[in-house]
Amino acid sequence: MNGHSDWAARYIERYRLALVEIPPGSKSPLHTGWNQPGGYVTEAEDARKRWDRLPDHGIGVVLGASGLCSLDVDSPEQAEPLLAELGVDLRLLRKGGATVQGHPDRYRCLFRAPQD
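Note that the coordinates shown come from a computational prediction; the quantities given were computed from them, not determined experimentally.

(A) Geometry of the overall build of the protein. Along its length, the protein carries five helices and five strands. Seen in sequence order, the protein has helices and strands lined up from the N terminus as α-β-α-β-α-β-α-α-β-β. By principal-axis analysis of the C-alpha atoms, the protein measures approximately 45 × 30 × 25 Å. Counting over 116 residues, the protein shows a buried share of 30%. Seen as two clouds, the 14 positive and the 16 negative side-chain charges of the protein have centres 3 Å apart.

Given below as structure tokens:
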């Protein structure tokens, strides 16, 4: 076993994520059909096997298949009033869910997609 296979299995068991391998040196999956059933894994044991076979590959999450949404916010001062018009409180959304931030003025909110 390697670290990636253990983490991949945990992501599936704990968060019900659909995972895809990311080749070394890449930021995204490269194989055809990666976002279609069969192109990603949703079972922990399958994930262990895949990342044991590909230990240098990163782990990506297939958003739609995982029931997740990602909202890139490049300009909070413009996004907040626009989303407010749609009934979405961006500050609450950011506070209540997972947020990824690289640049100090930009971030990405991740949240479960509504069932409907």
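From this point, things continue past the structure.
(B) Structural view of the environment of N35. Mapping N35 onto the fold places it in the loop between β1 (19-22) and α2 (44-53). Given the relative accessible area of 38%, N35 is considered partly exposed. Through-space distance from the C-alpha of N35 to that of L19 is 9.4 Å; in sequence the pair is 16 residues apart. Setting aside its immediate chain neighbours within four residues, N35 contacts Y40 and V62.

(C) Region of interest: the environment of G64. If you trace the backbone, G64 turns up in helix α3 (residues 63-66). A relative accessible area of 63% means that G64 is categorised as exposed. Separated by 32 residues in the primary sequence, G64 and G96 have C-alpha atoms spaced 20 Å apart.

(D) Structural context of the nonpolar core. Core analysis: the largest hydrophobic core is formed by eight residues, namely A8, I12, L17, L19, V41, A47, W51 and L68. Those elements giving two or more residues to this core turn out to be α1 (3-15) and α2. If sequence neighbours within four positions are ignored, V41 has contacts with I12, L17, A18, L19, D46, A47, R50 and W51.

(E) Representation of the environment of L93 in the model. Its location among the elements puts L93 in helix α5 (residues 90-96). Distance from L93 to R112, taken between C-alpha atoms, is 11 Å for residues 19 residues apart in sequence. Those residues in contact with L93, other than ones at most four positions away along the chain, are L71, V88, C109 and F111.

(F) A look at the sheet that holds strand β3 (residues 68-73). Taken together, three strands build an open sheet; the order of strands is β3-β5-β4 and the sheet is antiparallel. Edge positions in the sheet fall to β3 and β4 (98-100), since each has one partner strand and no second. Taken over all neighbouring pairs, the strand axes of this sheet differ in orientation by 25° on average, direction set aside. Pairing analysis gives six bridges linking β3 to strand β5 (residues 107-112), with the strands arranged antiparallel. For V73, the partnering residue across the bridge sits in β5 and is Y107.

The rules behind the values
Residues numbered from 1 in each chain as written. Predicted model: local features only at pLDDT ≥ 70, side-chain atom pairs only at ≥ 80, totals over all residues. Heavy atoms only, no water. Helix = DSSP H or I, 4+ residues; strand = E, 2+ residues; numbered from the N terminus. Buried < 20%, exposed > 50% of the residue type's maximum accessible area, 1.4 Å probe, protein only. Lys, Arg positive; Asp, Glu negative; His and termini not counted. Charge placed at Lys NZ, Arg CZ, Asp CG, Glu CD. Contact = heavy atoms within 4.5 Å. Core = buried A, V, L, I, M, F, W, Y, C linked by side-chain atoms within 4.5 Å. Pairing = 2+ DSSP bridges. Axes fitted to C-alpha atoms, helices over the stretch in contact; angles between N-to-C directions.

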